[in-house]
Amino acid sequence: MRVIASSCINLLYNLGVVDGTGDRTFTPDGNVTLQQAAKILVSVLGFDVVAENAGGYPAGYLSVAAQKRMLNNITVEAPSDLTRADAAVLLYNSLDVAMLERTFGDKEEFTVSKDSTLRSIRESVLEVAKGKGIVTANHSTNLNGGEPTRAGYVEIDGERFDMGETTAEKYLGMEINYYYRYTQDEAVPVLTSAVPTKNNTMLVIDGEDIISANLPGRKLEYIDPETDEDETASLDAAVKVIYNGKLLVGAGNVDVTPSYGGIELLDNNNDEAYDYIIVHQKESAIVEKLDSTNTRIILKDAMSNGLKSLEEKTDKDYVFRITKGGEEISVTDVQSGDVVTVEISRDQRLMLIEVSEHAPFVGMVSQLDGDDSITIDGEEYAIADNPALPDRAELKVGREYEFYLDADGKIVYFDTETTKYNYGYLIGVNQKSGISSDVQVKMVIDNRVEILQMKDKLRIDSVSYTAPEAAARLEATAKENRVFLVSRSAAGELKSLESPKIYGVSGNKRYNKKYNAFSSAYPFRITEGSTVFMIPD
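Residues take numbers from 1 onward in each chain, read along the sequence in its written order. This being a predicted model, a pLDDT of at least 70 is required before a residue's local features are given, and a value of 80 or more before pairs of side-chain atoms are given or counted; all residues contribute to the totals for chains, interfaces and linings. In computing side-chain values, all of the structure's heavy atoms are included and hydrogens and water are not.

A. Region of interest: the side chain of D267. Helix and strand definitions here come from DSSP, where helices need a minimum of 4 consecutive H or I residues and strands a minimum of 2 consecutive E residues; each element is numbered from the N-terminal end. Within the element layout of this structure, D267 appears in strand β13 (residues 261–267). Only protein chains enter the accessibility calculation, which uses a 1.4 Å probe. A residue is then buried if its area is under 20% of the maximum for its type, exposed if over 50%, and partly exposed in between. Asp and Glu count as negative and Lys and Arg as positive, but His and the ends of the chain are not part of the count. Here, a salt bridge means any Lys or Arg side-chain nitrogen found within 4 Å of an Asp or Glu carboxyl oxygen. Buried and unpaired, D267 has no salt bridge, with R218 as the nearest side chain of opposite charge at 11 Å. As used in this structure description, the phrase polar contact means that two N or O atoms lie within 3.5 Å; if the pair is within protein, one of them must be able to donate a hydrogen and the other to accept it, and residues adjacent in sequence are counted only when both atoms belong to side chains. Only 3.2 Å separates the side chain of D267 from the backbone nitrogen of D271, close enough to count as a polar contact. In this view, D267 contacts N199, N200, T201, E272, A273, Y274 and D275; residues no more than four positions away in its chain are not counted. In this description, contact between two residues means that some pair of their heavy atoms is separated by no more than 4.5 Å.

As structure tokens, this is what we get:
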């Protein structure tokens, strides 16, 4: 490292950019102060002669740097050490400063060259160029009505670029500043940087907050969730609609008012009229299974568009993407019982699938809160306007159901046919001593011995008990009945125990292997629906 530092120091010293800290002493491992950094950059830009005439180092150099706005937004003052953040700001401020160039002839002359900047030198040396424009096409769609690009490419103002390591495809419809390189070895320019400009304004509106849309009248009315006031957004006369990732030609008012999902209004030229309406019309479904080829997700019920499955295809113009928790995953990562929220283009050639991280859970309905939410086990949950959502009239306060949540934690489905219980055989009860009132219940469930944790309260046969009361109740109940219907929370904690109804004769019976039945006056046969407990000694 010191060999490299030495060669760089010699070069800069010979160019008059650096002088060291005295006696030609240099400390490349030391911190750089603001005045030292200003001296270096002012010298590189050619203004050292001006700085020397203005008082020299450090005051003259700081004065020139301030005049050239190189010190704008710098948080430290000389002679403080320069932070990394301030160093980046100082360098950025210096990129477009026109350099002072010296010409030699009969006499030395100085001219300011607007075409000569650190940025232009960078572009020349690195063979990169800068541009500004609108991202008009990506792998999903083309805003000019043409064909989408191949994966890994975008179009900016109709010109095709290789995305390189950038995320330019995410800026569809936006104005961006970009850098690119173009060599003879590359078929199209390759982007090295892509950043949205300050001319872009994005307004995000939840579907539930949209009041109405009037595309011919160039306005959209919505409720501002922060103020609860009605607002009106102005639309450009040539506003375009991107529906679930694809340009939708001839869109109507109903297309831009999704019931489940939302919209984004994009103004890319700062004229206070939105140029694009980006629609996210969502629908959630429950995964039943994967097919044998692991390329098709089979759904429990058909979606509103008739699709019963979501298939991954290799067609070049087909887009199929699955994410979970913001990370892209494969079809094989999807499991039975998962909630998938899907955006599907009108031509069904684009599918964006989001897998919820929320596991299905069983809970008791505490309160039905109008049309927008349900209180379950004392916690309020918002309801998504999902087409597959069953009729809420089927829910009854005080009863338990299995609920499914989308990635945003909204209820998108609930099972009204059966409450999810397991049969359990009670072995014993243990209440922890001390300040804690936690109760542990030992049971056989699915022929496994499990220790179930109960905190605060437990419902036994529809009656709520505190932990000590529950422990006493179970100990007393065990003398007469040890079999219960067991309900657990999503976290696995014990929520309720219900005694099953007993029909016919109960008690100790001898098993008759020949008839697969228990003997009595009326034999009880074992069928596929019978629950059999293997109780350990």
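B. Geometry of the sheet that holds strand β23 (residues 373–376). Two strands pair under a simple rule: DSSP has to find at least two bridges between them. Spatial strand order, β24-β23-β22-β25-β26: 5 strands in an open sheet with antiparallel pairing. Unpaired on one side and paired on the other, β24 (379–382) and β26 (411–415) mark the two borders of the sheet. Taken over all neighbouring pairs, the strand axes of this sheet differ in orientation by 50° on average, direction set aside. With 4 bridges connecting them, strand β25 (residues 400–405) and β26 associate as antiparallel partners. Looking across to β26, one finds that Y404 is bridged to Y413. Interaxial angles span 0 to 180 degrees and are taken between N-to-C directions of axes, which are lines fitted to C-alpha atoms, for helices over the stretch in contact.

C. Seen up close, the sheet that holds strand β21 (residues 350–355). Across the sheet, 7 strands lie side by side as β17-β16-β15-β20-β21-β18-β19; this open sheet has mixed pairing. Edge strands, defined here as strands with exactly one partner in the open sheet, are β17 (309–311) and β19 (327–329). In this sheet, neighbouring strand axes are inclined to one another by 40° on average, regardless of whether the strands run parallel or antiparallel. With 6 bridges connecting them, strand β18 (residues 319–324) and β21 associate as parallel partners. Across the sheet, V319 pairs through a bridge with L350, a residue of β21.

D. Up close: helix α4 (residues 59–67). Of the positions making up α4, those classed as buried are G60, Y61, L62, V64 and A65. Looking at the packing, one finds that the buried side of α4 touches α2 (34–44) and α3 (48–53).

E. Focus on the packing of aromatic side chains. A pair of aromatic rings is counted whenever rings of Phe, Tyr or Trp (Trp by its six-membered ring) have centres within 6.5 Å, and the orientation is called stacked for planes under 30 degrees apart, edge-to-face for over 60 and tilted otherwise. Scanning the entire structure with this criterion turns up 10 aromatic pairs. Between F161 and Y180, the ring centres sit 5.5 Å apart and the planes meet at 70°, which makes this aromatic pair edge-to-face. Here F161, found in strand β5 (residues 159–162), pairs with Y180, found in strand β6 (residues 175–181); they are 19 residues apart in sequence, far enough to count as distant. Using a relative accessible area of 1% as the deciding quantity, one classes F161 as buried.

F. Broad picture of the pattern of salt bridges. A full pass over the atoms with the stated rule returns 11 salt bridges. Note that E155 and R160 form a salt bridge whose closest N and O atoms lie 3.1 Å from each other. By relative accessible area, E155 is classed as buried at 10%. A relative accessible area of 31% places R160 in the partly exposed class. Where K410 meets D206, a salt bridge forms, and the shortest distance between an N and an O atom there is 3.8 Å. Within this pair, whereas K410 is found in the loop between β25 and β26, its partner D206 is found in strand β8 (residues 201–206), the two being separated by 204 residues in sequence. Here D206 falls in the partly exposed class, since its relative accessible area comes to 30%. Via salt bridges that share partners, D291, R296 and E311 belong to a single interconnected network.

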